[in-house]
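Understanding the architecture of this molecule
Okay, here's what each chain looks like letter by letter:
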Amino acid sequence: MSTALLRTIQPNHFTLLGTALLRRTSRSNISVRCSGSQATTTTTHEAKQPSQSRVAPKNHGSNKLDEILRDYEAVIGIETHVQLSTFTKAFCSCPNNYGSEPNTSICPVCMGLPGALPVLNSKVVEFGVRLGLALNCGLSLSSKFDRKQYFYPDLPKGYQISQFDIPIASGGYVDVDIPLEFGGGHKRFGVTRVHMEEDAGKLLHSDTGDYSQVDLNRAGVPLLEIVSEPDMRSGIEAAEYAAEMQRIVRYLGVSNGNMQEGSLRCDVNVSIRPIGQAEFGTKVEIKNLNAFSAMSRAIDFEIKRQALLYNQGQEDQIVTETRLWEEGAQKSVSMRKKEGLADYRYFPEPDLPEVILTQDYVDSIRATLPELPEAKRRRYEAMGLGMQDVLFLANEASVADYFDAVIGEGAEVKLAANWLMSDIAAYLKNEELSINDVKLTPKELAALIAAIKDGTISGKIGKQILFELLAKGGTVQGMIKAKNLVQITDPAEIEKMVLKVIAENPKQLEQYRNGKTKLQGYFAGEVMKMSKGKANPPLLNKILVEKLNAKD
Ligand SMILES: [Zn+2]
């Protein structure tokens, strides 16, 4: 029956001890986190939204509401669940593949059949250490798994394997830059803990609502849960915190961080308190946030809702509850009230040994960490780039790597940033491609920037060939030669074309000379057309103005 397999266990990295002791944990310092049972309603998937890290600007309500809001401070904490990109599940060898037919990636272990024994996937530990280090946490060299017991139809074991009193990592922080359009500034938010756990299955509800079916493909998929300190004060801060988590897990390669697929799920706790009050207000949890912009709006909605209740003397109506954000209606609705704290009766998982890390193992993982988003932003800032450029370039590791390669080829920093942020970004968006898909190499983008800068080709021609290079590849020099694109900088040649255009447009010339000087643009366009875009623009305009204003 047991399908427990010894998979990819690297004894040098952490030691699996024979038996874990059933230790009674002290319950005095327990802070039971009330994220309730897994909200696994699959419900409707939101329409596909582009991955984005920016959030919509705050909706400003009436002046009256703004006045009320000024008297209160919001306190926001976030629990983030990250699904790990491991090949197999956390405690069995079933493939961890999103989107496969229901109940095709299952076995006795993840189905929770009696007698099946879990075996820890060493990648889960490695990813936990990677994320813990990236979030500036202290690591527990000795941690353990615990059973969190609750009943739900998508959890056949009747408990979730999680980490309770000794998480793998704790006491860290994350740095974010708030975009200028939201006030700017650098913020640091505390990370309470990172722990390893398993996901539950999923309920598939029938359209008629008559019955539900259980898909256990997701049961046993490894998760890291990141719990923040209650350090955020607005929807924007919370959304930027979550966006930074997404960046970090993607940079680290521990998860695809895809919110629509549920690979990155954020539950947000919001309370408010009158300014100056030390105690926290009643916490309300918001779920179903599958985009950063939705998170920001949902939190601001909740802050306003609570502030209005306070203001009307109805703060007793702010109760511990879970609310669901309805993106369509732009409001939250109560999902369930919480009757006191849930008691999950945690106890150490007897079927799994303690997780012992050696310092060498931790150090070896630290040595493989990539440059993280915060370090990149500071490096780009030090290069003299503005915050908008910095945030754009550091948002995706692949874009940052490309940018670094372009400037490594000697391109001017600001010019390279401009090309990536404008024309290339627009192309990627239109074609739904990533920077890794384009045929233009960083070396050739540097060559293109240089060819425009030294006047070999005009900026206009540069943009034209950019799209061909992006789609088909090739070299800038090869294309300039093949298409005879070298910029015309010979004044005599440009003068010839200017005179020809003036001679062919006597009517416009008369109008120009009678004071309709904005026709200069028309003449310039005609000359440019005649030169097939190759005339040097400053020279063209200089000669054109001379000829247009010449007294015959
Ligand atoms: Zn399995």
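Residue positions are given per chain, counting from 1 as you read along its sequence in written order. For a predicted model such as this one, the threshold for reporting local features is a pLDDT of at least 70, and the threshold for listing and counting side-chain atom pairs is 80 or more; totals across whole chains, interfaces and linings nevertheless cover every residue.

The chain has the name Glutamyl-tRNA(Gln) amidotransferase subunit B, chloroplastic/mitochondrial in an unreviewed UniProt entry, where Microthlaspi erraticum is given as its organism. Comment text from UniProt for the chain, heading Sequence similarities (unreviewed entry), reads "Belongs to the GatB/GatE family. GatB subfamily." UniProt positions are given in the numbering used here, feature names are shortened, and annotations may be inferred rather than shown by experiment.

Considering unusual backbone geometry
For residues besides glycine, phi is generally negative; the peptide bonds are generally trans as well. Despite not being glycine, Glu 432 shows a phi value in the positive range, around 50°. As for its placement among the helices and strands, Glu 432 is situated in the loop between helix H10 (413–431) and helix H11 (442–453). Neighbour density around each residue's C-beta defines its exposure: 20 or more other C-beta atoms within 10 Å make it buried, 12 or fewer make it exposed, and counts between make it partly exposed, where C-beta atoms are placed from the backbone. A residue is classified by how many C-beta atoms lie within 10 Å of it, and Glu 432, with 8 of them, is exposed. A positive phi is found at Lys 532, a non-glycine position, where the angle reads about 55°. By definition, any uninterrupted DSSP run of H or I lasting at least four residues is a helix, any uninterrupted run of E lasting at least two residues is a strand, and each is numbered from the N terminus.

Brief notes about the nonpolar core
Counting residues in hydrophobic clusters, the biggest one holds 82 residues, and the most contacted among them are Ala 238, Ala 242, Val 268 and Met 295. The nonpolar core is taken to be a set of buried Ala, Val, Leu, Ile, Met, Phe, Trp, Tyr and Cys residues joined by way of C-beta atoms within 7 Å. Of all hydrophobic cores here, the second largest spans 35 residues; its members include Tyr 380, Leu 391, Val 399 and Leu 440.

Topic: the pairing of strand S13 (residues 284–289)
With six of six residues buried, S13 is to be regarded as a mostly interior element. Pairing between two strands requires that DSSP report at least two bridges joining them. As paired strands, S13 and strand S14 (residues 321–326) are joined by four bridges and run parallel to one another. The residue of S14 that forms the bridge with Val 284 is Glu 321. Taken together, S13, helix H5 (residues 292–311) and S14 constitute a β-α-β crossover, and its handedness is left-handed. By the criterion used throughout, a crossover qualifies as right-handed when its path from the first strand across the helix to the second strand runs clockwise, the strands pointing away from the viewer.

Section: helix H4 (residues 235–252)
The terminal C-alpha atoms of H4, which comprises 18 residues, lie 26 Å apart, in line with the 26 Å expected from a rise of 1.5 Å per residue. Summarising burial for H4: 18 of the 18 residues are buried, a large majority. Phi turns positive one or two residues past the end of H4, at Gly 253, with a value near 75°. For a helix, the expected span equals 1.5 Å multiplied by the residue count minus one.

What to know about the packing of H4 against H5
At their nearest, the axes of H4 and H5 sit 8 Å apart, and the two run at 150° to each other. The orientation of H4 relative to H5 falls into the category roughly antiparallel. Crossing of H4 over H5 shows right-handed handedness. Across the interface between the two elements, Gly 235, Ile 236, Ala 238, Ala 239, Ala 242 and Ala 243 of H4 pack against Phe 292, Met 295, Ser 296, Arg 297, Ile 299 and Asp 300 of H5. Under the grouping applied here, Gly and all other residues not named as nonpolar or charged are polar, the nonpolar ones being Ala, Val, Leu, Ile, Met, Phe, Trp, Tyr, Cys and Pro and the charged ones Asp, Glu, Lys and Arg. Of the residues in the contact of H4 with H5, the class split is eight nonpolar, two polar and two charged. Orientation is described by axes fitted as lines to C-alpha atoms, over the contacting stretch for helices, and by angles from 0 to 180 degrees between their N-to-C directions. Any angle that falls under 35 degrees is termed roughly parallel, while one over 145 is termed roughly antiparallel, one within 65 to 115 roughly perpendicular, and all others oblique. Should the near helix be turned anticlockwise from the far one by less than a right angle, the crossing is termed left-handed; should it be turned clockwise, right-handed. Placing a C-beta atom from the backbone of each residue, one calls two residues in contact when those atoms lie within 7 Å.

Topic: the packing of H11 against helix H13 (residues 476–483)
Packing of H11 against H13 leaves a shortest axis separation of 9 Å and a crossing angle of 55°. Here H11 is positioned oblique relative to H13, judged by the angle of their axes. On H13, the residues that touch Glu 444, Ala 447, Leu 448 and Ala 451 of H11 are Val 476, Gln 477 and Ile 480. Partitioning the contact of H11 with H13 into residue classes produces five nonpolar, one polar and one charged.

Remarks on the environment of Cys 94
Within the fold, Cys 94 resides in the loop between strand S2 (72–83) and helix H2 (108–111). Residue contacts for Cys 94: discarding those within four places in its chain leaves Thr 88, Lys 89, Ser 105, Ile 106, Cys 107, Cys 110 and Gly 220.

Remarks on the sheet that holds strand S12 (residues 264–274)
Strand pairing in a sheet is mediated by backbone hydrogen bonds. Such pairs are either parallel or antiparallel. In space, the nine strands of this open sheet follow the order S3-S7-S8-S11-S2-S12-S13-S14-S15, with mixed pairing throughout. The sheet terminates laterally at strand S3 (138–139) and strand S15 (331–337), the two strands that pair on one side only. Looking at chain direction, S14 and S15 are connected through six bridges and run antiparallel. When the bridges of S15 are listed, Arg 323 appears paired with Ser 334. The sheet contacts of helix H3 (residues 122–134) involve S3, strand S7 (169–177), strand S8 (186–198) and strand S11 (222–228), and relative to S8 the element is tilted by about 170°.

Re the pairing of strand S9 (residues 202–205)
Bridge count between S9 and strand S10 (residues 212–215): four bridges; the pairing is antiparallel. Paired with Leu 203 across the bridge in S10 is Val 214. In this antiparallel pair of consecutive strands, S9 and S10, the connection spans six residues, and Gly 209 shows a positive phi of 80°.

Focus on H5
Taking 1.5 Å per residue, 20 residues should reach 28 Å; H5 reaches 28 Å between its end C-alpha atoms and fits that length. For H5, the set of buried residues is Phe 292, Ala 294, Met 295, Ser 296, Arg 297, Ala 298, Ile 299, Asp 300, Glu 302, Ile 303, Gln 306 and Ala 307. In the stretch just after H5, Gly 313 is the one whose phi turns positive, near 70°.

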